Amino acid sequence: MTEIKASTGPRYARILSVGSATPSRVIDNEYLLQFIDSSDEWITQRTGIRERRWIDEGESIETLSLEAARTAIERSGVPVDQIDAVILSTISHYHQTPALAPKLADALGIPDAAAYDISAACAGFSYGLAQAEGMVRSGQARHVLVIAGETISEITDLTDRGTAFLFGDGAGAVVVGPSETNGIGPVVWGSDGSQSGAIWQTKGWQEAVAEGTWPRLGMDGRAVFKWATSFIAQAAKKAMDEAGITPDQLDVFIPHQANDRITDTLLRYLKLPESVVVARTIRQLGNNSAATIPMAMDALLSSGEAKSGQTALIIGFGAGLVYAGQVITLP
Ligand code: ACO
């Protein structure tokens, strides 16, 4: 049998840098009350959300993704010709083809990179990070740019009491590269397609075209809440176990920002010490789907609440249903 050379790479990978971008339009709870029968008090108490940001004229998933990516690349110090792959995680690029990642790579001046989009909703950043870690460690890419960008406001049904207030737009990006020590633990991920009806696009493109109406995002909030507070709690624990980390060794916890009450339940289940810094960006940014985790990471590092080199647990979950989490070293 003819021997085929295999790619080989460095032993370890880590996140070298993070960047994020938020749109300019601030939407407070009060604004939404013209569309839904609700109150600022209900939204704040049931979710933690006080305001979120939505794109305005001139802003798009493309502009947000580019801004986040440019910041991450600049902070990494990695020359663009050493980035061999660009992954965009999104469920809000409303063109079936081509993927947006090649266009972003071109706009960023990254030559000849493998570039593609992935659709794993709110778990999308951790899915992309797992792929990037594998690519770097196998030698298939020297550096990988993982971007997560979302503009869910474009498919939000303003008249739906169950979702109108939940989502915010934004983007986050990281550069993943080789490392002397391990900075990305084993991914714990999976899916449960039997619950594909828990979060969904209300109609396919063919149906939308035939009806002349734009699709919206639908969600069975109670079902997702139940799944997140039971199954996802166990998955988060498994991510720590697989990384060989105990709660007292953790500095930062960045769960998907879906609901402050889900975060509280995860904290109780994981028995994390009070000293652990917990991301609560949902209060100002809402749920940013795939972009949530890198946006929260950047916010915590920029505010000084978290520090470079600290150990963090990240976990995302959402439409699919899908989930993914890892223990990481903060850039
Ligand atoms: N304002 C005021 N009252 C409301 C509203 C509203 N907007 N919506 C519902 N209510 C009322 C209901 O009528 C009900 O009243 P009742 O008790 O008199 O019957 C009560 O509030 C409770 O309703 P629930 O639907 O049980 O509300 P819940 O507490 O579950 O909160 C929420 C809803 C916030 C959506 C919650 O279920 C949730 O956060 N779910 C998880 C969302 C999530 O994690 N999504 C995953 C990611 S999304 C992605 O992948 C793209």
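Look up a bit, the structure's there.
Computed from a predicted model, the values in this text were never measured in an experiment. (Residues numbered from 1 in each chain as written. Predicted model: local features only at pLDDT ≥ 70, side-chain atom pairs only at ≥ 80, totals over all residues. Heavy atoms only, no water.)

Our focus in this paragraph is the environment of Ile 83. If you trace the backbone, Ile 83 turns up in strand 4 (residues 83-89). Residue Ile 83 is classed as buried on the basis of its relative accessible area, which comes to 1%. Sequence separation between Ile 83 and Ile 55 is 28 residues, and the spatial gap between their C-alpha atoms is 29 Å. Contact partners of Ile 83, with chain neighbours within four places excluded, come to Ile 73, Val 78, Ile 110, Ala 113, His 143 and Leu 145. (Helix = DSSP H or I, 4+ residues; strand = E, 2+ residues; numbered from the N terminus. Buried < 20%, exposed > 50% of the residue type's maximum accessible area, 1.4 Å probe, protein only. Contact = heavy atoms within 4.5 Å.)

In this section: the pairing of strand 14 (residues 322-329). Of all the eight residues making up strand 14, seven are buried; the element is thus mostly covered by neighbouring parts of the structure. Where strand 8 (residues 188-191) lies against strand 14, four bridges are found, and the strand directions are antiparallel. Residue Trp 189 lies in a different strand from strand 14, and its bridge partner there is Ala 324. Where strand 13 (residues 311-318) lies against strand 14, eight bridges are found, and the strand directions are antiparallel. In the sheet register, Ile 314 faces strand 14, and the bridge partner there is Gln 326. (Pairing = 2+ DSSP bridges.)

To continue, consider the sheet that holds strand 7 (residues 170-179). If you trace the five strands from one edge of the open sheet to the other, you get 1-7-6-4-5, paired in mixed fashion. Of all strands in the sheet, those bounded by a partner on one side alone are strand 1 (12-21) and strand 5 (114-118). Shown here is a sheet whose adjacent strand axes are inclined to one another by a mean of 20°, direction ignored. Across seven bridges, strand 6 (residues 143-150) lies against strand 7 in antiparallel orientation. By the bridge assignment, Gly 149 is partnered in strand 7 with Ala 171. Helix-sheet contacts for helix 10 (residues 292-303) involve strand 1, strand 6 and strand 7, and the interaxial angle to strand 1 is about 85°. (Axes fitted to C-alpha atoms, helices over the stretch in contact; angles between N-to-C directions.)

Quick look at the nonpolar core now. Soluble, globular proteins show a tendency: their nonpolar side chains are buried together. Residues Ile 232, Phe 253, Leu 272, Leu 313 and Phe 317 are the most contacted members of the largest nonpolar core, which totals 46 residues. If you list the elements that add at least two residues to this core, you get helix 7 (221-243), helix 8 (260-270), strand 13 and strand 14. With nine residues, helix 7 is the single largest residue contributor to this core. Shared between two domains, this core holds at least three residues of each, these being domain 1 (12-179) and domain 2 (188-329). When sequence neighbours within four positions are dropped, the list of residues in contact with Leu 272 reads Met 240, Pro 247, Leu 250, Phe 253 and Leu 267. In terms of nonpolar packing, the next biggest core, distinct from the first, is built from 40 residues, Val 176, Val 252, Met 297 and Val 322 among them. (Core = buried A, V, L, I, M, F, W, Y, C linked by side-chain atoms within 4.5 Å. Domains from an automatic or database assignment.)

Bringing the site of the ligand into the picture now. As a matter of local geometry, the ligand sits amid 27 residues, with Ser 38, Arg 46, Arg 161, Arg 222 and Asn 259 nearest to it. One of the side-chain nitrogen or oxygen atoms of Arg 222 is found 2.6 Å away from an oxygen atom of the ligand. Between the ligand and Arg 261, the relevant distance is 3.1 Å, taken from an oxygen atom to a side-chain nitrogen or oxygen of the residue. Considered on its own, the ligand offers 1000 Å² of accessible surface; in the complex 75% of this is hidden by protein. Residue classes in the shell around the ligand are distributed as 14 nonpolar, eight polar and five charged. (Near = heavy atom within 4 Å. Polar contact = N/O pair within 3.5 Å; in protein donor to acceptor, adjacent residues only side chain to side chain. Areas by Shrake-Rupley, 256 points an atom, 1.4 Å probe, with all protein chains shown as cover. Nonpolar A, V, L, I, M, F, W, Y, C, P; charged D, E, K, R; others polar.)

With that out of the way, let us pick up the packing of helix 7 against helix 8. It is at 9 Å that the axes of helix 7 and helix 8 come closest, and there the two elements cross at 40°. The pairing of helix 7 with helix 8 is recorded here as oblique in orientation. Along this stretch, helix 7 crosses helix 8, giving a crossing that reads as right-handed. Here Phe 225, Ala 228, Thr 229, Ile 232, Ala 233, Gln 234, Ala 236 and Lys 237 of helix 7 lie close against helix 8, whose contacting residues are Arg 261, Ile 262, Thr 265, Leu 266, Tyr 269 and Leu 270. (Parallel < 35°, antiparallel > 145°, perpendicular 65-115°, else oblique. Left-handed = near helix turned anticlockwise from the far one by under 90°.)

Geometric values such as these leave the question of function open.
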